[in-house]
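Fold and geometry: a report
Here are the chains, one letter per residue:
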Amino acid sequence: MNEEPGRIMAAEMAEQPAVLRRILERGAPDIRATAQAIAARAPRFVLLTARGTSDNAALYAKYLLEIRAGLPCGLTSMSTTTAYGAKPDLTDVLVITVSQSGGSPDLVASTRAARESGAITLAVTNNPDSPLAAVSEYHIDILAGPEKALPATKTYTASLLALYLFVEGLRGGAGAEALRLPEVAEQVLARRQEIRTLAARYRFAERMVITSRGYGYPTAKEAALKLMETSYIPALAYSGADLLHGPLAMVDNVSPVVAVVTAGRGGEALQPVLDRLRGRGADLFVVGPQAQVDAASAGFALPDDGIPEELQPILEILPLQLLAYEVTIARGQDPDAPRALAKVTETH
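About the thresholds
- Residues numbered from 1 in each chain as written.
- Predicted model: local features only at pLDDT ≥ 70, side-chain atom pairs only at ≥ 80, totals over all residues.
- Heavy atoms only, no water.
- Helix = DSSP H or I, 4+ residues; strand = E, 2+ residues; numbered from the N terminus.
- Rg over C-alpha atoms; globule rule 2.2 N^0.38 Å.
- Buried < 20%, exposed > 50% of the residue type's maximum accessible area, 1.4 Å probe, protein only.
- Contact = heavy atoms within 4.5 Å.
- Areas by Shrake-Rupley, 256 points an atom, 1.4 Å probe, with all protein chains shown as cover.
- Lys, Arg positive; Asp, Glu negative; His and termini not counted.
- Charge placed at Lys NZ, Arg CZ, Asp CG, Glu CD.
- Salt bridge = Lys/Arg side-chain N within 4 Å of Asp/Glu carboxyl O.
- Polar contact = N/O pair within 3.5 Å; in protein donor to acceptor, adjacent residues only side chain to side chain.
- Pairing = 2+ DSSP bridges.
- Axes fitted to C-alpha atoms, helices over the stretch in contact; angles between N-to-C directions.

Secondary structure assignment for the protein chain yields 14 helices and 10 strands. For the protein chain, whose C-alpha radius of gyration is 19 Å, the value lies close to the compact-globule estimate of 20 Å for 348 residues. Oriented by its inertia axes, the alpha-carbon framework of the protein chain measures out at about 55 × 50 × 40 Å. Across the 348 residues that make up the protein chain, the buried fraction comes to 54%. Across the protein chain, every contact between residues at least 6 apart in sequence was considered, and the portion connecting residues at least 24 apart equals 76%. Surface exposure of the protein chain reaches about 14,000 Å², of which carbon and sulfur atoms provide 50%. The average position of the 33 basic charges and that of the 39 acidic charges among the side chains of the protein chain differ by 2 Å.

Below you can see the structure in the form of structure tokens.
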């Protein structure tokens, strides 16, 4: 007898409030100590290294580090060291490598090369015994527990929270604003039936466009990845600013557009894009404040609980994970086991 499709992914999505609580209660002191040790070394620049879902978490960290900590950041191109053998001078540069498994050979090789080039190296993983943790000077355990479904869900939100607490630690903060996240995450995940109803609207979509600005942009990219790897719907993620520079021409009233509208400056910056999309008659699905959902074709209103803008991505992705799951189930596919994918991607 076959097991219910999507059973593992559903269970892991449901674990997320407990994982967030575990990080806040058990992981936060170690994260803060690691942040303080690195802050004492006064890094002058940050490079972030990751692949896939972890790359979207790294992009979130880039926003945090530049806005909250005032540190310039870049996303690395690993092939410069692993394929081309480049040896940049990374003295006093903080290199943060984000990886759920900590086992991808290119991540391990690029981190080792960075350390040999003088970098301060930090691994953020779900496996403290991984090769990546072993080659890094510092390590943060995201404490998500084993993740068996191929689509990453709980390790993504765990990575976001761990990175937020790390950046707050760099600037001498305790991250107290995050303490309400587990409770609010439970409220969002309890509304699964709303998403199931919306999934019926989008099950036959041939493509989707997902857009946001600011802190919401990593959410847009992660939502696109989840939709593509589970339902196989081509989903294109764009910054709202980039969407206006050409790709807007492909938007019509047939292909859905998902807008992640963060309550704050990112959402304000996205407003002209939303106006243009509505002007083109787009089928606009909004994740964000109730007022933005009311002005769209459909959407999911996030609780108005005063969660700071920089923490909203941890909540914004939850209904979009559920959407990817429910659309996949509605299309008769199994989100636990997307075709052609492996849990650890061994790029070199």
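More follows now that the structure is in view.
Within the fold, E12 resides in helix 1 (residues 7-14). As a buried residue without a salt bridge, E12 has its nearest oppositely charged side chain in K154, at a separation of 4.9 Å. A distance of 3.3 Å separates the side chain of E12 from the backbone nitrogen of A149, its partner in a polar contact. Contacts of E12, omitting those with residues within four sequence positions, involve P146, E147, K148, A149, T153 and K154.

Sheets are built from strands that pair by backbone hydrogen bonding, the pairs being arranged parallel or antiparallel. Spatial strand order, 7-6-8-9-10: 5 strands in an open sheet with parallel pairing. The outermost strands of the open sheet, each flanked by one partner alone, are strand 7 (235-239) and strand 10 (298-301). Each strand axis lies, on average, 15 degrees off the axis of its neighbour in the sheet, ignoring direction. Alignment of strand 8 (residues 257-260) against strand 9 (residues 284-288), held across 4 bridges, turns out to be parallel. Paired with A259 across the two strands is V286, which belongs to strand 9. Where helix 9 (residues 192-202) meets the sheet, it contacts strand 6 (208-212), strand 9 and strand 10, and its direction lies at approximately 160 degrees from that of strand 10. Contacting strand 6, strand 8 and strand 9, helix 12 (residues 265-279) crosses the sheet at an angle of about 160 degrees to strand 8.

Throughout the structure, instances matching the rule amount to 15 salt bridges. In this structure, the salt-bridge partner of K62 is E66, at a minimum N-O distance of 3.2 Å. One end of the pair is K62 and the other is E66, both in helix 3 (residues 52-68) and 4 residues apart, which spans about a single turn. Of the residues examined, E66 reaches a relative accessible area of 34% and is grouped as partly exposed. The shortest N-O distance in the salt bridge between D275 and R278 comes to 2.9 Å.

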